[in-house]
Structure formats: structure tokens, C-alpha cells
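The primary structure of each chain is shown beneath.
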Amino acid sequence: MSADVKVPPLSEDMKWSTGSIRICSETVSASEISARLGITADRQFERGSLMSPRNPASARRKSSVWIRQSGLTNDSDLADHVRALVGLVGGCREELARLSVDCEMDLFLGFGSGNGQGGCVLPGGLVADLAALGLDIVLDLYPPAAVKDC
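Cut-off values and rules
Residues numbered from 1 in each chain as written. Predicted model: local features only at pLDDT ≥ 70, side-chain atom pairs only at ≥ 80, totals over all residues. Heavy atoms only, no water. Helix = DSSP H or I, 4+ residues; strand = E, 2+ residues; numbered from the N terminus. Buried < 20%, exposed > 50% of the residue type's maximum accessible area, 1.4 Å probe, protein only. Areas by Shrake-Rupley, 256 points an atom, 1.4 Å probe, with all protein chains shown as cover. Pairing = 2+ DSSP bridges. Axes fitted to C-alpha atoms, helices over the stretch in contact; angles between N-to-C directions. Contact = heavy atoms within 4.5 Å. Arc of directions from axis to C-beta.

Enquirer: Explanation requested: the overall build of the chain in the structure shown.
Expert: Along its length, the chain carries five helices and five strands. Counting from the amino terminus, the chain carries its helices and strands in the arrangement β-α-β-β-α-α-β-α-β-α. Per-residue burial for the chain yields a buried fraction of 38% across its 150 residues. Carbon and sulfur atoms provide 52% of the accessible area of the chain, an area that totals close to 8200 Å².

So, in C-alpha cells, the structure goes:
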């Protein structure tokens, strides 16, 4: 399970979703990404930092990583996570375009349910707004067994 996703215990009929924006770069630092967007990351890691800070022998990061979460709870609809994130960076289109030259950028979405069933609707207008930002979409799906193992 990705470190970007924190899942609460689920009953059989519950579903959860989460969303964040991730920006990675081998040349642009995470702190510079924050400064250029005017948005503080929820989590950030600089290139060359230890993958596991408590283990000095761990590998070092090859890229800087900037992560901003939607700020919504896991019981919110997936489309609401997307709306929140699009709203957060919607005024940064030009800077996102400039960053895209040196950065990999995506909208990271996670979804799971206790019984393996579920889905969501992403309205066309929201998808168009997202496309205008130039972010790739990563949809991480979790079957019930994966959620129970967390």
C-alpha cells in the first residue's frame, strides 16, 4: 500500500477515498516548488535525503518530492477530493506548466471499499478543469483483502 494512503478500519459496506497532488523532480527542490506555487506541501522530501531518516545506511532519494493532500476526510466522495485539489492549484496553471518541464506531476487518487464494490462519477467539467492543469491521473485501487491487511 502506498505511503500516501492512510485507510481507516472498514466495515463491509463502507468505502473510502483520498487524493493528493504529487510533484517530483531531480532538479527542482521541494522547497522551490512550494515557493513557486505559493502553496505549502503537507509532506516534502529533498533530493539526496535519506529514504529512512532513522536508518543512516538507507538509500538516498533520487528526486525531490512535494505532496499536498486534499484536506478532506477519507469518507468524502472521490470527486470532492478532485474538486478540492483542482481548486487549490487552479490559479497556478502557468507555474504548473513551467514546472512540468523539469517535474513529474500527478493527481494521486486512492479508492477502496470493505466489500470490493464502489465507484464514482467525475463530471465532465471537472475532468476538463483537471486536464487544463496538465496533471497525470494515478488511480490506486485497493481490494478488500489489501485494506484488511493494513
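Enquirer: Could you clarify how one ought to interpret the sheet that holds strand S4 (residues 104–113) in this entry?
Expert: Note on sheets: strands pair through backbone hydrogen bonds, and any given pair is parallel or antiparallel. Pairing is mixed in the open sheet, where five strands are placed in the order S2-S3-S1-S4-S5. The two strands at the open ends of the sheet, each matched to only one other strand, are strand S2 (43–45) and strand S5 (136–142). When the angles between neighbouring strand axes are averaged without regard to direction, this sheet yields 20°. Relative to strand S3 (residues 64–69), strand S1 (residues 15–25) runs antiparallel, the two being bridged by six bridges. The residue bridging Ile21 from the neighbouring strand is Arg68, located in S3. Contacts between helix H1 (residues 30–37) and the sheet are confined to S1, S2 and S3, with S3 contributing the most and set at about 45° to the helix.

Enquirer: Is there a simple way to explain the environment of Ile21 in this structure?
Expert: Mapped onto the secondary structure, Ile21 falls in strand S1. Residue classification places Ile21 among the buried positions, given a relative accessible area of 1%. In sequence terms Ile21 and Ile137 are 116 residues apart; their C-alpha atoms lie 9.4 Å from each other. Not counting the four nearest positions on each side in its chain, Ile21 is found in contact with Trp66, Ile67, Arg68, Leu85, Val89, Asp106, Leu107 and Leu135.

Enquirer: So what exactly am I meant to see when it comes to H1 here?
Expert: In an α-helix there are 3.6 residues to a turn, and that puts residues three or four apart on one side. What H1 keeps buried is the set Ala30, Ile33, Ser34 and Leu37. One side of H1 carries all its buried residues, which in axial view fall inside an arc of 100°. In this structure, the buried side of H1 is in contact with S1, S2, S3 and helix H3 (93–99). Directly beyond the C-terminal end of H1, a positive phi value near 70° is found at Gly38.

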